[in-house]
Structures are given as C-alpha cells and as structure tokens.
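Chains, contacts and geometry: an overview
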Amino acid sequence: IGSPIHSSSANAQAELLHTLWSIVSLNQWYISDLRSGVEMKDIIRVMEIHSNHYSVQKYGCGLLAYISSCKKCALDLLRNRDGNIVQMLMDMLKTPSNEGHFQGNALKALFRLSSASLSSDTPSEFFQMVCCAQGNIHDGNSLANAMHTIMHTMQRNPRDTTLQINGLRLLWNILESDIAVGDDRCDFILGKILQHTLAVKAHHQKSQAFHETMICTVSKMSCYGPNSFGEQPIPLFVVETMLAHPTSSIVALYGCRCIANICAQSPSSELFQHVIASSNGILAIIVCMDTFQEHRIVQSEACTALHAICNNSPQNKEQVWRLGGVDRIFRAYNSYCWSEEMSTTTKIRACVAINTLLYDCRVVSDDLRNKGIILKFEEEYSDATVSGELRQVIQDLLASETCECLRDIMTEITTCSISENNSIGSTSRLPTAVKAMKRFPTYVNIHEMGCKLIACIFASSSANDAGDLQYYETIILSLKEHSDTPENVAAACSALRNMCLFQMSYAQNPSDISMKSYASEVFNSMALHEDNVSILEHASGALWAFFCAQNSNALSCVTDNTISTIVRAMNRFPGCSHLQRNGIGIFWAVFSVSGRGSDFVTDNLVSTVVRFVGKRESDAADTISAIDIVLALTSMGFQALEILQ
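Predicted model, so just to flag it, every value in this text is computed and none were measured.

Analysis parameters
Residues numbered from 1 in each chain as written. Predicted model: local features only at pLDDT ≥ 70, side-chain atom pairs only at ≥ 80, totals over all residues. Heavy atoms only, no water. Helix = DSSP H or I, 4+ residues; strand = E, 2+ residues; numbered from the N terminus. Buried < 20%, exposed > 50% of the residue type's maximum accessible area, 1.4 Å probe, protein only. Contact = heavy atoms within 4.5 Å. Polar contact = N/O pair within 3.5 Å; in protein donor to acceptor, adjacent residues only side chain to side chain. Core = buried A, V, L, I, M, F, W, Y, C linked by side-chain atoms within 4.5 Å. Salt bridge = Lys/Arg side-chain N within 4 Å of Asp/Glu carboxyl O. Arc of directions from axis to C-beta. Expected span 1.5 Å × (residues − 1). Axes fitted to C-alpha atoms, helices over the stretch in contact; angles between N-to-C directions. Parallel < 35°, antiparallel > 145°, perpendicular 65-115°, else oblique. Left-handed = near helix turned anticlockwise from the far one by under 90°. Nonpolar A, V, L, I, M, F, W, Y, C, P; charged D, E, K, R; others polar. pLDDT = per-residue confidence, 0-100. Phe/Tyr/Trp six-rings, centres within 6.5 Å; stacked < 30°, edge-to-face > 60°. Lys NZ or Arg CZ within 6 Å of the ring centre and 35° of its normal.

Topic: the overall build of the chain
- Within the chain one finds 33 helices and 0 strands.
- Counting the 645 residues in the chain, one finds 53% classified as buried.
- Taking the contacts inside the chain whose residues are at least 6 apart along the sequence as the reference set, 73% of them involve residues at least 24 apart.

A word on the environment of Arg-369
- The residue Arg-369 is located in helix α20 (residues 362-370) in this model.
- Here the alpha-carbon distance between Arg-369 and Glu-401, two residues 32 residues apart in the chain, equals 9.0 Å.
- Aside from chain neighbours lying at most four places away, what touches Arg-369 is Ile-374, Glu-401, Glu-404, Cys-405 and Asp-408.
- A polar contact of 3.3 Å, which involves the side chain of Arg-369, links it to the side chain of Asp-408.

Describing the nonpolar core
- Grouped together as the largest cluster of nonpolar side chains are 194 residues, with contacts concentrated most on Leu-89, Met-242, Phe-377, Ile-454 and Phe-587.
- Those residues in contact with Leu-89 that lie beyond four places of it in its chain are Cys-61, Leu-64, Ala-106, Ala-109, Leu-110 and Leu-113.

Description of the pattern of salt bridges
- Within this structure, the stated rule accounts for 18 salt bridges.
- Measuring nitrogen to oxygen at the nearest pair gives 3.3 Å for the salt bridge that ties Asp-408 to Arg-369. Note that Asp-408 is positioned in helix α22 (residues 388-415) and Arg-369 in helix α20, a separation of 39 residues in sequence.
- The exposure class assigned to Asp-408 is buried, which follows from its relative accessible area of 13%.
- Judged by relative accessible area, which is 28%, Arg-369 ranks as partly exposed.
- Here the salt bridges share partners, and the residues they tie into one network are Arg-257, Glu-301 and Arg-349.

Some words on unusual backbone geometry
- A positive phi angle is found at Asn-280, which is not glycine, with a value near 70°.
- Within the fold, Asn-280 resides in the loop between α14 (269-278) and α15 (281-291).

With respect to helix α17 (residues 314-322)
- Listed as buried for α17 are Asn-316, Lys-317, Gln-319 and Val-320. Buried residues of α17, seen end-on, are gathered within an arc of 160° and therefore sit on one face of the element. Among the exposed residues of α17, those oriented more than 90 degrees off its buried face are Gln-315 and Arg-322.
- In the stretch just after α17, Gly-324 is the one whose phi turns positive, near 80°.

Some words on the environment of Ile-354
- In this fold, Ile-354 is placed in helix α19 (residues 340-358).
- Note on Ile-354: relative accessible area 1%, which makes it buried.
- Placed 11 residues apart in sequence, Ile-354 and Ser-365 show a C-alpha to C-alpha distance of 9.6 Å.
- Sequence-distant contacts of Ile-354, defined by excluding residues within four places in its chain, comprise Ile-329, Leu-368, Phe-377 and Leu-397.

Brief notes about helix α29 (residues 560-572)
- Between its first and last C-alpha, α29 extends 18 Å over 13 residues, near the 18 Å set by a 1.5 Å rise per residue.
- The set of residues buried in α29 consists of Thr-562, Ile-563, Thr-565, Ile-566, Val-567, Ala-569 and Met-570.

Describing the packing of helix α11 (residues 208-222) against helix α12 (residues 234-244)
- At a closest axis distance of 11 Å, the pairing of α11 and α12 adopts a crossing angle of 140°. Our classification of the angle between α11 and α12 gives oblique. The two elements α11 and α12 cross, and the hand of that crossing is left-handed. Residues His-211, Met-214, Ile-215 and Val-218 of α11 lie in contact with α12, whose contacting residues are Ile-234, Phe-237, Val-238, Thr-241 and Met-242.
- For the contact of α11 with α12, the class distribution of residues is 7 nonpolar, 2 polar and no charged.

Quick look at the confidence of the model for the chain
- Residues at a pLDDT of 70 or more form 79% of the chain, whose mean pLDDT is 80.
- Note on residues 136-140: pLDDT is under 50 here. Beyond four places in sequence and across chains, it has 10 contacts.
- Low pLDDT, under 50, characterises residues 417-427; the predicted model gives this stretch 16 contacts beyond four residues in sequence or across chains.

Quick look at the packing of helix α16 (residues 296-310) against α19
- Remark: α16 packs on α19, axes separated minimally by 8 Å, with the N-to-C direction vectors making an angle of 25°. By the angle between their directions, the pair α16 and α19 is classed as roughly parallel. When the axes of α16 and α19 are compared, the crossing they make is left-handed. Packed against α16, whose contacting residues are Arg-296, Ile-297, Ser-300, Glu-301, Cys-303, Thr-304, His-307 and Cys-310, the element α19 presents Met-342, Ser-343, Thr-345, Thr-346, Lys-347, Arg-349, Ala-350, Val-352, Ala-353, Thr-356 and Leu-357 at the interface.
- Each residue belonging to the contact of α16 with α19 can be placed in one class, and the counts come to 8 nonpolar, 7 polar and 4 charged.

Observations regarding the side chain of Thr-213
- Residue placement: Thr-213 occurs in helix α11.
- Other than its neighbours up to four places away in sequence, Thr-213 contacts Ile-165, Leu-168 and Arg-169.

Considerations on the side chain of His-447
- Within the secondary structure layout, His-447 lies in helix α24 (residues 444-460).
- Here Ser-478 takes part through its side chain, which lies 2.8 Å from a polar atom of the side chain of His-447.
- Dropping the residues within four chain positions of it, His-447 is found in contact with Met-437, Phe-440, Pro-441, Ser-478, His-482 and Asn-488.

Re the packing of aromatic side chains
- Counted by the stated rule, this structure contains 5 aromatic pairs.
- Measuring from ring centre to ring centre gives 5.9 Å for Trp-21 and Tyr-59, while their planes differ by 55°; the resulting arrangement is tilted. Taken as a pair, Trp-21 in helix α1 (residues 10-26) and Tyr-59 in helix α3 (residues 54-67) lie far apart in primary sequence, 38 residues in all.
- Pairing Tyr-333 with Phe-377 gives two aromatic rings, centres 5.0 Å apart and planes at 75°, and the pair type is edge-to-face. Linking Tyr-333 in helix α18 (residues 325-334) with Phe-377 in helix α21 (residues 373-382), this pair joins segments that are 44 residues apart in sequence.
- The exposure class assigned to Tyr-333 is buried, which follows from its relative accessible area of 0%.
- With relative accessibility at 0%, the residue Phe-377 sits in the buried group.
- Three or more aromatic residues link up through ring pairs in this structure, and these residues are Phe-330, Tyr-333 and Phe-377.
- Over the ring of Tyr-333 we find Lys-347, and its NZ or CZ is 4.1 Å from the ring centre.

Encoded structure:
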C-alpha cells in the first residue's frame, strides 16, 4: 500500500485493502501487525487519494472497522493525523450511493472508535472530533449536525440491516456521552430517527440483532425523559419486542429498564402504565423473570419495572398478583449471586417492588402473610449481617405491611357492629395499634392509621369495662413527633377526644397522664395549623373533652394563649359548627368549673360568645352553655347581656 509504484492505481489499492481486510477478519491477532503509525497513515492516505473510488472506500472502511475492534488500535487511529479519520468517515456518510456497504462499514468504524473513546481516560475525545468535523448542514449544535448525518444515512438505506444496527449503536454511544442531553435539536432528531426505525423495522423482523440494538437505544433514550420520543408508540414497541424475542437476555434486560424509566420519569406515567399493562407488558416482564431465573441483572431490572408500572395503580397491582408476580419477585430476592453488591441491589429492588404491591392492595397483603413471606422478611431484618441499606428497605416493607394490618382492622370496625362481648379489654386491637406506633416511631402513615384505629375503637365500643386506658402517652408522643403532618395531627386529636369521652361515659377514674403535656401538645397543634379548619375542629374537640374528663385539675393548664387561640379560630371559621361548639364547651368549663374565667376575658371573647348565642341554628344544650357564660360575664361587670339584647 505504501509503495509509490501502485499508489496511483485505484483498482490495485482496492484489492490490497480487500486482501488486508480478509486477513484480519480471519484472525484478529493480525491487527497488531497494523498498529504502527506508518501503516495506519498509509491506509488513510490511500483512502483520501481515491476518495471517489467506491471499492477503495468500501474495503478501506471495512479494514478500519476491524482495526477499531482493538481498543488500543482504535485509540491510535483516533490520534493519528490529528483525528482526520473521524472527518473522513463522517464525509463518507454524506456521499451519495445506491449501495450502503461502505457507509455501513463507516458507521461500524465510527461506533467502534466511539466505544474505545468512551472506555478510555478521555471519553469525550471522539465526540469532540465529531463536533470539529461537521460542516454547516444546519445552524446550531454541531453534534446535532452529526446526528442529522447519521439519520440521513439510515434513511437512504432502509433495508440494510447491518447499517441500521451500526447507526443505532453509534447513536447509543452519543447518548452515553451525555453531550446531547438537554439539547432540543438533538431531542428532535432522536425523535425523527425513532420514527424512521419504527417505520423500517418491518424489513428486519427476522433479525434479532436489529431488535436488540433498537431496544438498547430506546432504553438509553428513556433515561432522559419522554421528550425525545415525540409521539412515537414506544411503550407498545417495547412490549411487542419483549414478547417476540423471549429468549434474548438483551431484550429482556433493556426492555425492563425502558419500562421502568418510562413509568417512573414521565409526567404521563399513569397513561404509560395503562398502555403497557393493557398490551400484556406485565406478562412480558414475568415471562422474562421465568426465562432468565439465573440472570441476576434481568431479575433486578424486572423488579424495578414491576415497581414502576404498579406505583399508584391498584389495577396493575392486582394484575401482577393474578399472574404470580409476587412469587417471582420473592424468588428474585432469594436467588443466588456470586457478587455481594449485585445480590444486595437485587434484594433491595425486590423489597421495593413488594412494598409497592403491598400498599393499599389487600389481596397482596393477605397473600404475603399466608405464604410466610412477611415472616421471612422479619427474620432477615433480625439478621445482624444484613447491610444497612437493605435493612432500611426491609423495615419500610414491614412498616407498610403493619399499616395494611391496621387498615384491615379499622375496615372491620367500620363495617361491622361491635358487640358488647367484643370489648377493648378482651381484644388485641388497641395493643396492636400502640405496638405498631412504638415499633415504627418515624413512619407517619402508621401513626396516622394507628390514631384513626384507636379513635374508631373508642367511638364504636359499648363495653362497660374500659380495660387498660394507658394509651395517652403514645398518642401524645405521636402528636409531638409528627406535628408537621396535618393528617396525623387530626387523627391524633380525634383519638384523644374519643378516649376522654369514653372515659367520661363509663365513669372511669382519671388516667395517670401528664395533663400539661396533653394540653400543651394539642394547643401547639392548633397554633401550628391555624389555617386548617379540620385540625382546629379536632384539636378543640380534644381540649374540650380533656377539660370535661379531668375536671378542675386539667383546667389549671389553661392560659391566655389557649383562650385567645380558640377565639381566633372561632372567628376565622364561623361556619364550622363543631369548632364553634367545642369552643363554647371550653369557655363554659373555664367559667363554670375552674372559677378562673375573669383571668381570660377579652372583648373578642365576649363578642364571640354573644354571636354564638344569637345563632338560631345552634344546638339547645350548647346555647344554654353559652347563655351561662353570658350571665357569668355579666356578673363580672361585662356588658355581655346588654350586647346580646
């Protein structure tokens, strides 16, 4: 090739390149004989001299593609002559031709050069050369220009399977470099390439390699959100490919990964969840888990995909359960892997998937208990050798299962009448709720459900024997620790109110609780959530019941701030009848029982009470209490009665 005798003969040079290509294709060990800079320069020089000769370009690109299969040789090629090879190969893609053989080899060479660059110490080297090699195809980003060139090459040769595969592989490497991320023009061109590939896949139905490469590229695109998909039916394509190629581990791996990305990151995740599930996407994932039981990465990605497709979708959860998905996930959790890191990752993803299925889905919850899966996780959680991250995920799962147990008990209570024989003292309902709240002190959902359950039990029970009522401390602590969660605050205050009312109804002796702690935490909740009428209603009810149950001792906890906060709440929400009644009840206890009413009287309090009396729709008993307050205020020298008249 380097001989000046034959350098002018294009046909001779083509045959020489063809011979070298044939030699290295038979045995890649011969590539090392072409590693010197002289040989590589000669090959590139010949291709530049005969740039218009089809055979020279065809065989030259084929030879360069084989040389690039060796990482060291590929990097040497990149750095030879200041990266002119990238410029030359990109120019070949723009060359009009009825046959795409040498463009296909040029794409293969570019793909292998980019792969070598990505795995080197300078991963962006190749892509910088690509950017420098672009002409003014369009205004804008030079990388988008390169992608535009690749797209046109693929469009000109729709039936060339090898060319399509290498074009997609090169695009995958471009995405892997992260250089194109966030560029609107790159997203637009990627969408066009997807549109083209979906249109031509009918020509390559028998090529598993084509479908494997395409699903890898689609999976990579899904990492950056759905914008690059445009309006293409990508979810359907992914599911169809997984069902059509059930024996391909590559399709299984990247198909599951793509489903997980689409359902997890898209603002239209609910729509994608429905589309994938309705097109047998869940079945495709479970088939992958059955086919590749020993492939730990496939199992791991499948667990993530099931988590993503079932998140906030009860219908999909039940479909996974019907198809035996719970058993497959648990099998993935127990499967062996030589890599401890990979094993832990799979176990974590399996736990997250089961946790997702468990939440708000009773059939899954019952199934886990009946099959002893929850017991297995309890044992794992007790194992000191379990890593901290896995232990945390198992704890989350156990907390979700406990929450579902509490939800089931509350459903039973609210749907079934509680008989006299089913009293608090003879059941395990209350201890179950308190035990759960103590075991999981940081889980708001358990505390909310536990407080709701306790409130329901005390509101529903007709027992003559209240049994053990030492649950105040747990609820007050829950109220304190989760005071920033409105749902939990309302549930806790409701539970405290019902417990105090129950205590009064059955003439129980005052419980040994810290009255100051009770009153201060409930009051703090009112002060913290002054704009939340639901919390104000429940909290004022808890204070009223507490003052009535504990009589004058509890009223020693009342302060100016207590009264002013209640007055402010009643004035802010005059239409909330329960809040108004609770406030009047508290005022009545202060004036009629404690004898300290004069300490807290203000003009706002007077006007608030008078306004309540003037409401014709007020309950008679509450109106009588309000009138008592008016009379008490009048006896103290305030003109409440005159205002009322």
